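Coordinate analysis (summary)
Given next are the chains, with one letter for each unit.
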Amino acid sequence: MTEPKDATPVTAEINRAAVAKYAMNDRTDFTDAERGLIAELPEKMYTKDGQLMRDGSLTSYITDDAPCPDTVNPALWRQSQVLRRQGLFKVVDGLYQVRIVMQVTIVDAPDGLVIIDTGDNVDLAEASMDLFRKETGNEKPVVAVIYTHTHFDHYGGVKGIIDEADVLSGKIPIVAPGTIESFNKHAIGENVITGNAMSRRMGYTFGVLLPRCDCGLVSVGLGSADAGMYTNFSYIPPTDPVTKTGEKRMLGGWEFEFLYAPDTEAPEEMHIWIPAINALTCAENANHAMHNIQTIRGARTRDARNFARYLDETLVRWGDKVEVHFGPHTWPVWGNEKVIQFLEDQRDMYKFIYDQSLRLANQGLTPLEAAEILDLPQDIGKKWYNRYYHGGLHHNVRAVFHKELGFWDGDPATILPLLPADNAKRHTDLIGRDKILATGRAAIDEGDYRWAVQILHHLVFTDPDDSEARDLQADAYEQLGYQQEVPQYRGLFLCAAKELRNGVATEGQLNTDSLDTILAMPIDLLFDFAGVHLNGPAADSAGLAIRVNWTFTGTGDDQPWTMWIRGGVLNARPGHAKGAQLTLASSKPALAQVLLNPSNATELISQLDVDAEGDTGVLTELAKVTDTFDPHFNLITP
Ligand SMILES: [Zn+2]
């Protein structure tokens, strides 16, 4: 195991000089982030069966007066210091937050508690509620849950807060943006259908594969780095959809008003106004950070114009009354003037990214060229809440191109390029390994790390076992990582260095496609998920032609579906069809397991009480062409 290296003198100098770019004297966030603290979190938090889920000692070296290490960008170091303020906070009368990495907001309405977002983790959500009840003595029941948007860190903890039975019986509503179908589709679509790819990329970009130290993960920008080592995601589909701006609900005796803001930070998202306490949340569309227009963990590209549009609509609607803004990550903003300034600056930051990217596109620049020259305007660029703590300007500019113009950058040479490994080998043959190595080494000596990464890429992709090239490229990635303000760039560069030196890292890997989420999938998505597991070319060359009828029981009326595979393609639609070789009937969770694990179908059918009529041999045929996904696939080698 090769350990991380120190910053080179070049990196140390770049990080020291960077302070001139930032408003280092503005320390407002340090006090705001601890305003209203009732109780800090216990340093170590465990699940009921003893698994460690938060360890504050991992980041305890990031004290307020600790000087910025040479291995960390000073703006990122500062945000990591602020983010260590965690615990139970009273935001204003009637509004509390438990801030860990993903926070739970508790509205103490007259007739009960309304929970806004649950965090990602059942056990942490439960611990958050326990802490709130213990410290405040508040024993009111939870009467409603609100999901602000479709990301797992906002609904994953729900079963730690309420029982699903109370949702199914109608006792506790779950209010969420978009139709229920759309919310389910996007919640699960983002996190399950592409879950394996996204989880692997998330391991890199969130730096969860890294050690917690000043040579590794210091914070994720929106939250500190001392939780997230243990995951337990749950899902309960929403029951009460908000599809129009201006919709209101009475929850716990208070009115809640919603601004529907789709296609922003998530495909379905909404802002919430609580008039009784003049409190507003713009969910994740306003944060103490620039957010992602394209998250590099992988998700659909977002609309920067919509961020700006809905923030401005929010200002028009509630700007004259708002006294506090609270978010699902980071800390609140208090006072009418400050909230307005905050929302205006965030709006303008997103509007600038959108407008200027497309101005440059219309001038004929490629995404990379535009990303390289754009910088935020001076005034809004100095605001800490506009800094690159989640998104980064460089990839957000490219994301606007992607959203509006598609993936092609406009250079004919990139529409049918050689594969990276082939391209690398031809360059290596042309230039010669020795010359490339020498060039890479010289680039590192000069601190030209971006060039070093590019040139050495040819050698690593020509021969992934070339340890001399790997080690050199790791050194270059590492120094680049140490210089990044964007925690996700830091994470992926440092993970690349780690895996180049030590092989694929598996410890700490997150998985968003939890069993609970999969089992909660609507039936049509379940078949979509089966479709992306089908090895189409193999099914095609095997001439596989099967049809299975399914009866999903136990949720009111039975739901019949038919699924067929022909010519390497899986399709499904409601209703049974003639000519099925097999008909299966059982609950959705049971059938889901059979569908997604056809190789264990025989056992599952008997264990889960599935009624099977016909030839179960078709499931054996299906198993032969069903792929399993490797959660640790290569990123830094072909
Ligand atoms: Zn989030």
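Worth saying up front: this structure is predicted, and the values here are computed from it rather than measured.

1. So, the overall build of the chain
- Along the chain, the regular secondary structure elements total 24 helices and 21 strands.
- For the chain, the C-alpha radius of gyration of 26 Å lies close to 26 Å, the compact-globule estimate for 638 residues.
- Considering only C-alpha atoms, the chain reaches an extent of 70 × 70 × 55 Å along its principal axes.
- Counting the 638 residues in the chain, one finds 57% classified as buried.
- Sequence-distant contacts, at least 24 apart, represent 72% of the contacts inside the chain between residues at least 6 apart.
- In the form shown here, the chain has an accessible surface area of approximately 25,600 Å², with 50% of it arising from carbon and sulfur atoms.
- Between the averaged position of the 57 positive side-chain charges in the chain and that of its 89 negative side-chain charges there is a distance of 3 Å.

2. Quick word on the sheet that holds strand 13 (residues 270-274)
- The six strands lie next to each other as 11-12-13-14-15-16, forming an open sheet whose pairing is mixed. Here the strands that pair on one side only, and so sit at the sheet edges, are strand 11 (248-251) and strand 16 (333-334).

3. Here's the deal with the sheet that holds strand 7 (residues 112-118)
- Read across the open sheet, the eight strands follow the order 1-4-5-6-7-8-9-10; overall the sheet is mixed. Of all strands in the sheet, those with a lone pairing partner are strand 1 (37-40) and strand 10 (240-242), marking the two edges. On average, each strand axis in the sheet is tilted by 20 degrees relative to the strand beside it, whichever way the strands run.
- For strand 4 (residues 87-92) and strand 5 (residues 95-99), the ladder comprises five bridges, and the chain directions are antiparallel. Paired with L88 across the bridge in strand 5 is V98.

Cut-offs applied
Residues numbered from 1 in each chain as written. Predicted model: local features only at pLDDT ≥ 70, side-chain atom pairs only at ≥ 80, totals over all residues. Heavy atoms only, no water. Helix = DSSP H or I, 4+ residues; strand = E, 2+ residues; numbered from the N terminus. Rg over C-alpha atoms; globule rule 2.2 N^0.38 Å. Buried < 20%, exposed > 50% of the residue type's maximum accessible area, 1.4 Å probe, protein only. Contact = heavy atoms within 4.5 Å. Areas by Shrake-Rupley, 256 points an atom, 1.4 Å probe, with all protein chains shown as cover. Lys, Arg positive; Asp, Glu negative; His and termini not counted. Charge placed at Lys NZ, Arg CZ, Asp CG, Glu CD. Pairing = 2+ DSSP bridges. Axes fitted to C-alpha atoms, helices over the stretch in contact; angles between N-to-C directions.

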